[in-house]
Protein chains: 2
Amino acid sequence: MTKYVYLFHEGNAAMRDLLGGKGANLAEMTNLGMPIPQGFTITTEACNRYYEENETIPDEILTQIEEGIAYLEKVSGKKLGDNQNPLLVSIRSGSRASMPGMMDTVLNLGLNDQAAEGLAAKTGNPRFAYDSYRRFIQMFSDVVMGLPKPTFEKIIDEVKEQKGVHLDTELAAADLQELIALFKAHYEKEIGSPFPQNPKVQMMEAIKAVFRSWNNPRAIYYRRQNDIPSTWGTAVNVQMMVFGNMGDTSGTGVAFTRNPATGEKKIFGEYLINAQGEDVVAGIRTPKTIATLEQDMPEVYKEFMDIAKRLEMHYKDMQDMEFTIEEKKLYFLQTRNGKRTAAAALKVAVDLVDEGMLTEEEAVLKVEPKQLDQLLHPAFDSAALKKAKVVATGLPASPGAAAGRVYFNAEDVKAASLRGERVILVRLETSPEDIEGMALAQGILTCRGGMTSHAAVVARGMGTCCIAGCGEIKMNEEEKYFTVAGLTIKEGDYISLDGSTGKVYAEDIKTTEPSISGDFARFMAWADRVRTMKVRANADNPRDAKNALEFGAEGIGLCRTEHMFFQEDRIHKMRKMILSSTEEERRAALMELLPVQREDFIGIYEVMAEKPVTVRLLDPPLHEFLPQEEEAIADLAKDMNMSVAKLKEKIASLHEFNPMMGHRGCRLAVTYPEIAEMQARAIIEAAIHVKKEKGYQIVPEIMIPLVGEVKELKFVKNVVVKTADEVIRESGIDLQYLVGTMIEIPRAALTADKIAQEAEFFSFGTNDLTQMTFGFSRDDAGNFLEAYYQRAIYESDPFAHLDQEGVGQLVQMAVEKGRQTRPNIKLGICGEHGGDPSSVEFCHRIGLAYVSCSPFRVPIARLAAAQAAIKNLR
Amino acid sequence: MTKYVYLFHEGNAAMRDLLGGKGANLAEMTNLGMPIPQGFTITTEACNRYYEENETIPDEILTQIEEGIAYLEKVSGKKLGDNQNPLLVSIRSGSRASMPGMMDTVLNLGLNDQAAEGLAAKTGNPRFAYDSYRRFIQMFSDVVMGLPKPTFEKIIDEVKEQKGVHLDTELAAADLQELIALFKAHYEKEIGSPFPQNPKVQMMEAIKAVFRSWNNPRAIYYRRQNDIPSTWGTAVNVQMMVFGNMGDTSGTGVAFTRNPATGEKKIFGEYLINAQGEDVVAGIRTPKTIATLEQDMPEVYKEFMDIAKRLEMHYKDMQDMEFTIEEKKLYFLQTRNGKRTAAAALKVAVDLVDEGMLTEEEAVLKVEPKQLDQLLHPAFDSAALKKAKVVATGLPASPGAAAGRVYFNAEDVKAASLRGERVILVRLETSPEDIEGMALAQGILTCRGGMTSHAAVVARGMGTCCIAGCGEIKMNEEEKYFTVAGLTIKEGDYISLDGSTGKVYAEDIKTTEPSISGDFARFMAWADRVRTMKVRANADNPRDAKNALEFGAEGIGLCRTEHMFFQEDRIHKMRKMILSSTEEERRAALMELLPVQREDFIGIYEVMAEKPVTVRLLDPPLHEFLPQEEEAIADLAKDMNMSVAKLKEKIASLHEFNPMMGHRGCRLAVTYPEIAEMQARAIIEAAIHVKKEKGYQIVPEIMIPLVGEVKELKFVKNVVVKTADEVIRESGIDLQYLVGTMIEIPRAALTADKIAQEAEFFSFGTNDLTQMTFGFSRDDAGNFLEAYYQRAIYESDPFAHLDQEGVGQLVQMAVEKGRQTRPNIKLGICGEHGGDPSSVEFCHRIGLAYVSCSPFRVPIARLAAAQAAIKNLR
């Protein structure tokens, strides 16, 4: 029979998956002989069973729980539901990973009207007994039954006012009895039945509440953000109560072995006398710092410090602990690796190595890669942030904090920026024409589009804070205002954006600039030493390339040539090319684009020196380069010397029903080979130029996008090779180059053995591959993905975390088939997933040579690649 | 060393792949001892080599060709290029399949100024010698060098006029010499060099021209239409000349062993005295019927009839033969299985069985499945058609012929139809609101959309002639006219459509109704006997279902519930549902749709009796049900009692960037489970009703579309099962039903093992699967696919013929994975490919239980399935 209930001494820290973090650590501490109140853990498997059995607890689990209770009754000499000597327990959730969204604790479970009397009599402390009972009613009502907390707080406040006291602790036993009666009456009125007096009923309801809380919306959201599968389940910890509310020699507190904000090696914590549970953090009374305990209770302090040190040594990491003092006796209720800021994480990791506690490799595993974002972007001043009110939440598309005045188009942003204003660009959605405004803005906010929309991709490349797809905003771009949460925000008003959380504030919040300490460089050097995968950046111009280099990029994995065409001086030439009606006209227009494009590549090569650069040929459908608004169309028609009607006809003829699945990628090069010719010429001429001028040995990697069939690749490759060889021959200079393809169409993955006959490298374009494999577009999925998360169908955004089961299967298939044909084929990834730690680990596991991501994510990818290498060695 | 050249006696009929049809049959006839001028065949592999070597003929092939010539010189005693006794040859292409688009023949190759003199001297027939030379110059110039034919015809006409003669045969030897001089001058003027005098140069140029013709646009188009891969290549036949132009005891002709129009067992052919090559079909002189030959040259006639009979017995099929008589000696130049009408094909097949020449199984293989279309749809009167002029060509979306007055919207069609007019509906593209107009129209013509666009799919379902995506037409729907080929066609003007070829005519062409003979039923019964795969139909209403049954459908594989909602009385209820702002409102609107939907299913079940019916839950995005035009929006707003602004906001909120990859399919049921509930209720209630009323044992198959993840399927399935079980329980009647899914998203195929945990059947939706696997939408691919065909990247439309390499790989993977989990899982296909013979064969090979296609394609699918079964047994 499956064992669903473990007594604390039956478990250990290694059983985290089964017992949850809290349960495993309580077991470990029990075995270390630390003062832990006895208890047991109901496993995460029991949680999964609960859901399999349509949200009921099967009998075999019930039996095991009862055996657990019997054990507690035996060791304590108390009895659950006994009127004289009741066994009281706490019920707490605890999953494999720390999950802030989960259920709060229920303390003092086991109390009812009689047992409270019994406890009062037995302890001779009626105030304690009634305080415990009123707390239990409060917690059970809120946490298990979902009655809102504030009503209970209001009742307490009313009683305090009536009694003329200020603090909860000033309420006498009789006052608390009154409170209990009021609480119970409120409960019965709201729930429709009396407050449950049977402790077994109380317990089973509480356990089911923990299981249910695993699928509450907060938990689902948190899991999605942190890539935690719902199959992990949560454990439930049932632990005998110890009481911090027995008087002035009792208390409860929380402490960190080091400072979680800075990493400083100094104990950091607070406690509160005569208190229980959340009192410490609730801010009703001001807690004391842990140092004060040395004076208050020196022996307890010594024991506490001793155990804290042992725990840190044992877990080799900074610990976050909860403790309770019951009449001068110290108990530990929990320990876990403490959450910390990125700066603290780096300092702790580096210090632990210096203290000899960790090897460098172990230290590399101690920092969450995603956390590094904090170090690279501005953040809100934490004091200012506390007072700010969130007015809307969108997708956290590009991290960092930004505050500034709202403008609704790129031109206005430019003008305001010239006036020296801090600016936030707000758009329904951005288009490539907004690039300049985006570069000048402190932050970008869009109403539509997902994590890989134009705004999101470009902003991440620039390292600019961006919130995308904020649908709560009702936009009026023409009249330059938007409304949200009942407010109207006009042009010039201040707003603030937190690109790391997606939160929007309708005020000007102070930001602080990021600062990188020496620890960073030291730590990243350790990571780089163990890493086997290369990390490249996606960069489209010399500025982004420079950024990328500074963040440690070892090459460019994706240079999107189309972004180059959107600048004011080029878009005109591009449009002329698109509006050409003959190949001859098109070739003439392309000749004008050639020198511009060549200059761009020269700039990038000069920055990257001999590091590899992969250039992707033109990818987006041509209509993206044409204006859509009446005025702009009229201007262009005049400019091009054609009638408005004729221009509109041309624009209409380029219209597509599903642009994502339209005339784009290599399909452009198949229909207009002269475009690919021009681009190949620019790439090769630039490389030859830089080789001549600087002596760099450059090996351009020319990447043909959106290939689905080898003959398609072969056709475009022939165009590229013919041009490239001609340019090389003319120059009289020797130059190597590679021609490869993106694998971003399912058919390319399925036929990768054939594709590899022509492709010298594969770069996985996992954005498009995800779209095609799932059959939904990133721009439209927002309309239904929320329902999918709520129904636990998808647990995370497949555009943020690579779907290893489906998309990953295609990637793996392509890797295997590609290698069959060309054993040394160069393999990398250049989709957004290249900067996502779990996806990076997948890339390592299947043996890719590099990942490529936006410049600001390069450090994250470096660390994630290092951690993947270490984990896979183990 | 590879053998690239085969003498005729080295080959046989089985070597068709290597020698082409013509070469293999010439070899076969040689071995049968028939009178065949000697020659050799250059293989199809040589053609492929030619392309591999960048359009040059490698030396090893040249050497073998020279050996072939040497052999011919030896057996004939003549010499290529000899001035006294020149060897003359014909050069003809011949691929594995008959390809009308290929190169024409070059006769009399080997002649030059001297050789012509020599031939004149040797034969004592200068007229013959000069006639042969002028013909050679003409053919070489046209076929090999691409000089337009009409110029040569014009020169002949001028000379004839000058000489005062009427027929070519009346030109004397001297006249022909003049003609030769004029031809050569014209050649030199146009080509820039004199007419080649070296016979080896002539020959190599002609051979290369054959190879080149394999990739001319006509050939590419023909291959695409007929699913012939470009890798087959073409062979070249070099054959010694025999001459039908040596005088009145010579001639040339073509004949069929049976009548190719009716199948009647009676020789059918024509010949022309003193003629060569194309003279018979060129219509310059009126040819004589083959019967006349009995009087003209009784011995030749007897020999001819004897050989013709032997050939038919040998090939067990009606033969199409070419022959030449040289001074009373009969030669055969070609035999092949004759092309024939569908009616003739059936009659020949049935007759050959009755004559004991074929078994029933062999007969089943003799009819092209696609040809059956001809029997099921109206056709143009062939005399009327000959005089008609094609003004545009679109996609042949639904076969048949139609003529009528043009109307531009469904309402006008309806009105005209009530007046008794024959009507053609012309639209930019159709939408579901046009259904009624489409049903009333004789034919449908659209400017946009592909073979699987709305218009195409619906028209095929109805059996109505349709041409889709006819981009040459410039449309003005508002002012009700279109322009094409310089004509303006207004409302009420007549046009005619050929839905089998895509040709549009700007006139009223007489049509003839289809008629099905007794042969059809007999023949199809043989096919059904050997067939192992079931054939179902896609039908959305009782009328289509009835049609399907008449064509032999064994069930409904796809009933698209959305089509039911577009009728006038329902669209209103549907829109009310869509515009609901709460679940409550939506449920109320759904309750109004329930009885309507139930009635539809009752109607279908009553028609289908106990045959299986697969019903697909709502699939298209909701915005498809809302109007887009100002006026219609205003009407609807009034109707719904909401402001125009609010309605527009709602419509805008439903807008999608890529509707194909948007909020549709099961995604609707995930967000609005109440829709799936209503549909499940309607399906089950209808089945129970029919069971009660008629006693039919119906097992509804409920199909959940667009699934990509098993949890998604499980969620919707739970909704369906809960409702269905409730309805069954309430009814007190026992009813079985199945819940399955479409496999149309790549991820579903990749995770089919998991999907099969929940799905009781898979139906492959290969339209969407093709879109997602290739990453292009069927509606947009028209913009670039033409370039892909021209560049031989794709050889056929992947929406018409299943792409077995890519899409097929996913289908096969899903079949295997699905069976791993659920060995008896029911497997079928319901995409458009279900009616395409090559795709049907693929389905048979991978072991699907059934294919489902539009009702009018059911006979095609039945025959294709039978042929697949026979071929796979062999």
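Up top is the structure these notes are about.
Because the structure is a prediction, the values reported are computed rather than measured.

Undergrad: Run through the environment of E491 of chain B, naming residues and quoting values.
TA: Residue and element names in this part refer to chain B. Examined against the element boundaries, E491 turns out to sit in the loop between β20 (487-490) and β21 (494-498). Remark: the alpha-carbon pair of E491 and D412, spanning 79 residues in sequence, is separated by 9.3 Å. Excluding residues that lie within four positions of it along the chain, E491 makes contacts with V406, Y407, F408, D412 and K480.

Undergrad: Pulling in residues and values, what's your account of the interface of chain B and chain A?
TA: Much of the literature gives interface size as the accessible area that the parts lose upon coming together. Contacts between the two partners involve 51 residues from chain B and, on the opposite side, 51 residues from chain A. Here chain B packs against chain A, burying approximately 4800 Å² in sum over the two surfaces, 56% of which is carbon and sulfur. Between the two partners, chain B and chain A, sit 8 salt bridges. Close ionic contact of R747 of chain A with D803 of chain B constitutes a salt bridge, the shortest N to O distance being 2.7 Å. Where chain B packs against chain A, one counts 26 residue pairs in polar contact (both at pLDDT 80 or more). Contributions of two or more residues to the side of chain B that touches chain A are made by α26 (666-671), α28 (710-731), α29 (746-750), α31 (766-774), α32 (782-790) and α33 (807-821) of chain B.

Undergrad: Explain the sheet that holds strand β29 (residues 761-764) of chain A residue by residue, including any values.
TA: Residue and element names in this part refer to chain A. Ordered in space as β24-β25-β26-β27-β28-β29-β30-β31, the 8 strands form a closed barrel in which the pairing is parallel. Strand-to-strand twist of the sheet, defined as the mean angle between neighbouring strand axes without regard to direction, takes the value 25 degrees. Note: strand β28 (residues 738-743) against β29, 3 bridges, orientation parallel. Its bridge partner lying in β29, I743 is registered against F764.

Undergrad: Quick one: what's the story with the pairing of strand β6 (residues 251-256) of chain B, residue by residue and with numbers?
TA: All names here are of chain B. In terms of residue burial, β6 counts as a mostly covered element, since 5 of its 6 residues are buried. Pairing analysis gives 6 bridges linking β6 to strand β7 (residues 268-273), with the strands arranged antiparallel. Bridge pairing in β7 places G253 opposite Y271.

Undergrad: Which residues make up the relation of the copies chain B and chain A, and what values go with them?
TA: Note on the identical chains: chain B maps onto chain A by a rotation of 180 degrees and an axial translation of 0.0 Å, with an RMSD of 0.1 Å. Those values place the two copies in the arrangement expected of a two-fold rotation axis. Residues of chain B ranked by C-alpha distance from the rotation axis are headed by N658 of chain B, positioned 2.1 Å from it. When the interface residues of chain B are mapped onto chain A, 100% of them again lie at the interface, so the same face is used by both copies.

Undergrad: With reference to specific residues and values, describe the sheet that holds strand β31 (residues 850-853) of chain B.
TA: All names here are of chain B. Spatially, 8 strands are ordered β24-β25-β26-β27-β28-β29-β30-β31 in a closed barrel, and the strand pairing comes out parallel. Taken pair by pair, the neighbouring strands of this sheet meet at an average axis angle of 25 degrees, ignoring direction. Inspection of the sheet shows strand β27 (residues 701-704) paired to strand β28 (residues 738-743) by 4 bridges, in the parallel sense. Across the sheet, residue E701 finds its bridge partner in β28, namely L738.

Undergrad: Which residues make up the pattern of salt bridges, and what values do they have?
TA: Between side chains of opposite charge, pairing is possible as soon as their charged atoms come close. As enumerated under the stated definition, the model contains 128 salt bridges over all chains in all. Notably, a salt bridge pairs R258 of chain A with E355 of chain A, separated by 2.6 Å at the nearest N-O pair. With R258 of chain A in the loop between β6 (251-256) and β7 (268-273) and E355 of chain A in the loop between α13 (342-354) and α14 (360-364), this residue pair connects regions lying 97 residues apart in the sequence. A relative accessible area of 0% means that R258 of chain A is categorised as buried. The partly exposed category is assigned to E355 of chain A, whose relative accessible area is 33%. Residue E205 of chain B pairs with K208 of chain B through a salt bridge whose shortest N-O separation is 3.8 Å. Within this pair, E205 of chain B and its partner K208 of chain B are both found in helix α8 (residues 199-213), separated by 3 residues, close to a single helical turn.

Undergrad: A description of helix α2 (residues 44-52) of chain A should follow, citing residues and the corresponding values.
TA: Residues and elements named next belong to chain A. Of all the residues in α2, the buried ones are T44, A46, C47, R49 and Y50. The inward-facing, buried residues of α2 abut α1 (16-31), β2 (39-42), α3 (59-76), α8 (199-213) and β5 (234-240). Phi turns positive one or two residues past the end of α2, at N54, with a value near 55 degrees.

Undergrad: With reference to specific residues and values, describe the packing of aromatic side chains.
TA: Aromatic ring pairs are described here by two measures, namely the spacing of the ring centres and the angle between the planes. One pass over the full model with this rule turns up 46 aromatic pairs over all chains. On the basis of an interplanar angle of 75 degrees and a centroid distance of 5.5 Å, the ring pair of F140 of chain B and F195 of chain B is categorised as edge-to-face. Residue F140 of chain B is located in helix α5 (residues 126-144), and its partner F195 of chain B is located in the loop between α7 (173-191) and α8; the two are separated by 55 residues in the primary sequence. Residue F195 of chain B is classed as buried on the basis of its relative accessible area, which comes to 4%. Aromatic pair F774 of chain B and Y794 of chain B: ring centres 5.5 Å apart, planes at 80 degrees, arrangement edge-to-face. Residue F774 of chain B is found in helix α31, and its partner Y794 of chain B is found in the loop between α32 and α33; the two are separated by 20 residues along the sequence. Note on F774 of chain B: relative accessible area 4%, which makes it buried. In this structure an aromatic cluster arises from ring pairing among F774, F776, F784, Y788, Y794 and F799 of chain A. It is R223 of chain A that lies over the ring of W214 of chain A; its NZ or CZ is 4.2 Å from the centre. R536 of chain A extends its terminal NZ or CZ atom over the ring of Y850 of chain A, reaching a point 4.0 Å from the ring centre.

Cut-offs used in this document
Residues numbered from 1 in each chain as written. Chains lettered and ligands numbered in written order. Predicted model: local features only at pLDDT ≥ 70, side-chain atom pairs only at ≥ 80, totals over all residues. Heavy atoms only, no water. Helix = DSSP H or I, 4+ residues; strand = E, 2+ residues; numbered from the N terminus. Contact = heavy atoms within 4.5 Å. Buried area = accessible area lost by both parts, 1.4 Å probe. Salt bridge = Lys/Arg side-chain N within 4 Å of Asp/Glu carboxyl O. Polar contact = N/O pair within 3.5 Å; in protein donor to acceptor, adjacent residues only side chain to side chain. Pairing = 2+ DSSP bridges. Axes fitted to C-alpha atoms, helices over the stretch in contact; angles between N-to-C directions. Buried < 20%, exposed > 50% of the residue type's maximum accessible area, 1.4 Å probe, protein only. Least-squares fit on C-alpha atoms with pLDDT ≥ 70 in both. Phe/Tyr/Trp six-rings, centres within 6.5 Å; stacked < 30°, edge-to-face > 60°. Lys NZ or Arg CZ within 6 Å of the ring centre and 35° of its normal.

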